Amino acid sequence: MRPLTDEETKTMFEKLSKYIGDNIKLLVDRPDGTYCFRLHNDRVYYLSEKILKLATNISRNKLVSLGTCFGKFTKTLKFRLHITALDYLAPYAKYKVWVKPGAEQSYLYGNHILKSGLGRITENTAQYQGVVVYSMADVPLGFGVAAKTTQECRKVDPMAIVVFHQVDIGEYIRSEDTLT
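Residues numbered from 1 in each chain as written. Predicted model: local features only at pLDDT ≥ 70, side-chain atom pairs only at ≥ 80, totals over all residues. Heavy atoms only, no water.

Turning our eyes to something else, we now look at the side chain of Lys15. By the secondary structure assignment, Lys15 is in helix H1 (residues 6–20). The side chain of Lys15 is buried and forms no salt bridge, while Glu14, the nearest opposite charge, is found at 9.6 Å. For Lys15, the residues in contact, after removing those within four places along its chain, are Phe79, Leu81 and Gln166. (Helix = DSSP H or I, 4+ residues; strand = E, 2+ residues; numbered from the N terminus. Buried < 20%, exposed > 50% of the residue type's maximum accessible area, 1.4 Å probe, protein only. Lys, Arg positive; Asp, Glu negative; His and termini not counted. Salt bridge = Lys/Arg side-chain N within 4 Å of Asp/Glu carboxyl O. Contact = heavy atoms within 4.5 Å.)

Turning our attention to the environment of Arg30. Inspection of the secondary structure assignment puts Arg30 in strand E2 (residues 29–30). Owing to a relative accessible area of 23%, Arg30 belongs among the partly exposed residues under this scheme. Apart from the residues lying within four places of it in its own chain, the contact partners of Arg30 are Tyr35, Tyr46 and Tyr88. Side-chain polar atoms of Arg30 contact the side chain of Asp32, separated by 2.9 Å. (Polar contact = N/O pair within 3.5 Å; in protein donor to acceptor, adjacent residues only side chain to side chain.)

The assigned domain composition of the chain is domain 1 (2–88) and domain 2 (95–175). Across the contact, nine residues belong to domain 1 and 17 residues belong to domain 2. Summed over both sides, the interface of domain 1 with domain 2 buries roughly 950 Å², with 67% coming from carbon and sulfur. When the buried area of domain 1 at its contact with domain 2 is split by residue, Tyr19, Ile83 and Leu86 rank highest and sum to 69% of it. Viewed at the interface, domain 2 and domain 1 are joined by two residue pairs in polar contact (both at pLDDT 80 or more). Ranked by the residues each element gives to the side of domain 1 that touches domain 2, the list is headed by H1, at three residues. Considering only residue class, the side of domain 1 that touches domain 2 consists of five nonpolar, two polar and two charged. (Domains from an automatic or database assignment. Buried area = accessible area lost by both parts, 1.4 Å probe. Nonpolar A, V, L, I, M, F, W, Y, C, P; charged D, E, K, R; others polar.)

Strand order across the open sheet formed by six strands is E8-E12-E11-E10-E7-E9, with mixed pairing between neighbours. In this open sheet, the two edge strands, each paired with only one partner strand, are strand E8 (113–114) and strand E9 (118–121). Here strand E7 (residues 96–99) runs beside E9; their pairing, made up of three bridges, is antiparallel. Bridge pairing in E9 links Val97 to Ile121. (Pairing = 2+ DSSP bridges.)

Attention now moves to the UniProt feature "domain: PUA" (unreviewed entry) in the chain. On the UniProt side, "domain: PUA" (unreviewed entry) is annotated at positions that read residues 95–170 here. Taken as a whole, residues 95–170 contains 18% helix and 41% strand, while its terminal C-alpha atoms sit 21 Å from one another. (UniProt positions renumbered as here; feature names shortened; annotations may be inferred.)

Turning to unusual backbone geometry, a few remarks are in order. Even without a glycine there, the phi angle at Asn41 is positive, about 55 degrees. Classification of Asn41 by relative accessible area gives exposed; the value is 61%. Of note in the backbone geometry, Asp42 takes a positive phi value of approximately 65 degrees without being a glycine.

The next point concerns the environment of Tyr172. For Tyr172, the position within the fold is in helix H7 (residues 171–174). Classification of Tyr172 as partly exposed rests on a relative accessible area of 39%. Along the primary structure Tyr172 and Arg43 are separated by 129 residues, whereas in three dimensions their C-alpha atoms are 17 Å apart.

Moving on to the environment of Leu39. One can find Leu39 in strand E3 (residues 33–40). C-alpha of Leu39 to C-alpha of Leu4: the two residues are 35 residues apart in sequence and 6.0 Å apart in space. With sequence-adjacent residues up to four places away left out, Leu39 is seen in contact with Met1, Arg2, Leu4, Glu8, Val44 and Phe73.

Most often, soluble globular proteins have nonpolar side chains that are buried together. Ranked by internal contacts, the top residues of the largest apolar core, which has 28 residues, are Phe37 and Leu89. When we break this core down by domain, the ones giving at least three residues each are domain 1 (2–88) and domain 2 (95–175). If sequence neighbours within four positions are ignored, Leu89 has contacts with Leu16, Ile20, Leu27, Phe70, Leu81 and Phe143. Core analysis: the next-biggest nonpolar cluster, separate from the first, contains 15 residues, Ala103, Ile121, Leu141 and Ala146 among them. (Core = buried A, V, L, I, M, F, W, Y, C linked by side-chain atoms within 4.5 Å.)

What follows is the structure, encoded as structure tokens:
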């Protein structure tokens, strides 16, 4: 387990800023202590510094995971968010999309969100902006990318894609072998 390099930190923060903007500071400087990001086996973990100090007693080859996995770096050094980061990013999301109850199941099976399944969308959402997807009961369901701006969403036909699917909570079941 090691700290992220400057390039890795920049790549990860750029990806996080698509979803939570300048609220990244709130992830690190929390009222209940200082938190940090650490890299282990190409995965980025979010943990408190207290747990980090305790983990120094465990050898690297015996350490499986520590803290919450926020995502991983691909072989081409791109950062991919994991669904395990949803609970930490959802409260700070700048752009949100609410899905109608009938379209929730389709989204949780890995499909894109159509205009017919769109309940609400945050004002001034830009095209290709990262969004957090919620149910109408304000339960976070996953991450996506806005396929259309807020103004375009009002005018498109009901079968047009408005949010591209990236990750959803159904992934816990579909990919339970690969999530750590």
